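Listed here are the chains, written in short residue letters.
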Amino acid sequence: MHSTRFRAAIAAQATGESRVCVCGDMNVAHEDVDFHNPAERRTLTQAGTTPEERASLRCFLAPPLGMRDAFRQVHGRAAGQYTYWSQRARARPANRGLRIDYFLLASGVPPAAVVDVQHLQEMHGSDHCPILLELDLARL
């Protein structure tokens, strides 16, 4: 789970009009739409989907940090948009995955500066796919 020291370091940087972006593998699917099997009871104990892990990620999105999920800003509740698939379970061909890679933006990054966020699912070579954030620098 995300340590209080890490959150405190982000909080120290993401104040006021600071243009901070936390990005990468957060190892947790935040919302039910962020994983392929939210109705299955085992997700309550499955790594990346436990209530404790999901609450830990919400600490970035709720005050005082109040960051926003750039993908959800652009794509709303789009389903099936995963960034990780178990290689052991051969989950990628059936798109049985989780969205655990994020761009989290501080309030100092204007929403209008976000042009697009993509999950490059067609790129293979890892159990994760690359994620892409396109910003309009003139709007920062």
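Before any of the text, the structure's been laid out above.
The rules behind each value
- Residues numbered from 1 in each chain as written.
- Predicted model: local features only at pLDDT ≥ 70, side-chain atom pairs only at ≥ 80, totals over all residues.
- Heavy atoms only, no water.
- Helix = DSSP H or I, 4+ residues; strand = E, 2+ residues; numbered from the N terminus.
- Contact = heavy atoms within 4.5 Å.
- Polar contact = N/O pair within 3.5 Å; in protein donor to acceptor, adjacent residues only side chain to side chain.
- Axes fitted to C-alpha atoms, helices over the stretch in contact; angles between N-to-C directions.
- Parallel < 35°, antiparallel > 145°, perpendicular 65-115°, else oblique.
- Left-handed = near helix turned anticlockwise from the far one by under 90°.
- Nonpolar A, V, L, I, M, F, W, Y, C, P; charged D, E, K, R; others polar.
- Pairing = 2+ DSSP bridges.
- Core = buried A, V, L, I, M, F, W, Y, C linked by side-chain atoms within 4.5 Å.
- Buried < 20%, exposed > 50% of the residue type's maximum accessible area, 1.4 Å probe, protein only.

Colleague: Hey, could you run me through the environment of Glu31 in this one?
Modeller: Secondary-structure assignment places Glu31 in the loop between strand 1 (21–25) and helix 2 (51–61). Residues Glu31 and Arg99, spaced 68 residues apart in sequence, show a C-alpha to C-alpha distance of 9.1 Å. Discounting residues that sit within four places of it in the chain, Glu31 has contacts with Arg54 and Arg77. In terms of polar contacts, Glu31 uses its side chain to reach the side chain of Arg77, at 2.3 Å.

Colleague: Would you mind going over the packing of helix 1 (residues 4–13) against helix 2 with me for this structure?
Modeller: Packed helix pairs are characterised by how far apart their axes lie and by the angle those axes make with each other. Where helix 1 contacts helix 2, the axes come no closer than 11 Å and their chain directions differ by 15 degrees. By the criterion of interaxial angle, the relationship of helix 1 to helix 2 is roughly parallel. In this structure, the crossing between helix 1 and helix 2 has a hand that is right-handed. Contacts from Phe6, Arg7 and Ile10 of helix 1 reach helix 2 at Ser56, Cys59 and Phe60. Taken together, the residues that form the contact of helix 1 with helix 2 break down as four nonpolar, one polar and one charged.

Colleague: What exactly am I supposed to notice about the sheet that holds strand 1 here?
Modeller: Sheet strands pair by backbone hydrogen bonding; their relative direction is either parallel or antiparallel. As summarised here, the arrangement of the three strands in space is 1-5-2, forming an open sheet in which the pairing is antiparallel. In this open sheet, the two strands that pair with only one neighbour each are strand 1 and strand 2 (68–69). Pairing of strand 2 with strand 5 (residues 101–105) involves two bridges; the strand directions are antiparallel. For Arg68, the partnering residue across the bridge sits in strand 5 and is Leu105.

Colleague: Help me understand the nonpolar core, please; the structure alone is not making it clear to me.
Modeller: General note: in soluble globular proteins, nonpolar side chains tend to be found buried as a group. Counting residues in each nonpolar core, the largest one holds 13 residues, and the members touching the most others are Ile10, Val22, Met26, Leu57, Phe60, Met67 and Leu104. Looking at this core, the elements with two or more residues in it are helix 2 and strand 5. The next biggest cluster of nonpolar side chains, apart from the first, holds eight residues, and it includes Phe71, Phe103, Val109 and Val117.

Colleague: Is there a simple way to explain unusual backbone geometry in this structure?
Modeller: Trans is the prevailing form of peptide bonds, just as negative phi is the prevailing case for residues other than glycine. With an omega of 10 degrees, the peptide bond between Pro63 and Pro64 qualifies as cis. If you check the backbone angles, Arg90 has positive phi at about 50 degrees while not being a glycine. For Arg90, the position within the fold is in the loop between strand 3 (84–85) and strand 4 (97–98). Owing to a relative accessible area of 68%, Arg90 belongs among the exposed residues under this scheme. Phi is positive for Asn95, close to 55 degrees, though the residue is something other than glycine. By the secondary structure assignment, Asn95 is in the loop between strand 3 and strand 4. Since its relative accessible area comes to 29%, Asn95 is described here as partly exposed.

So, to be careful, I would describe these as geometric facts and stop short of saying anything about function.
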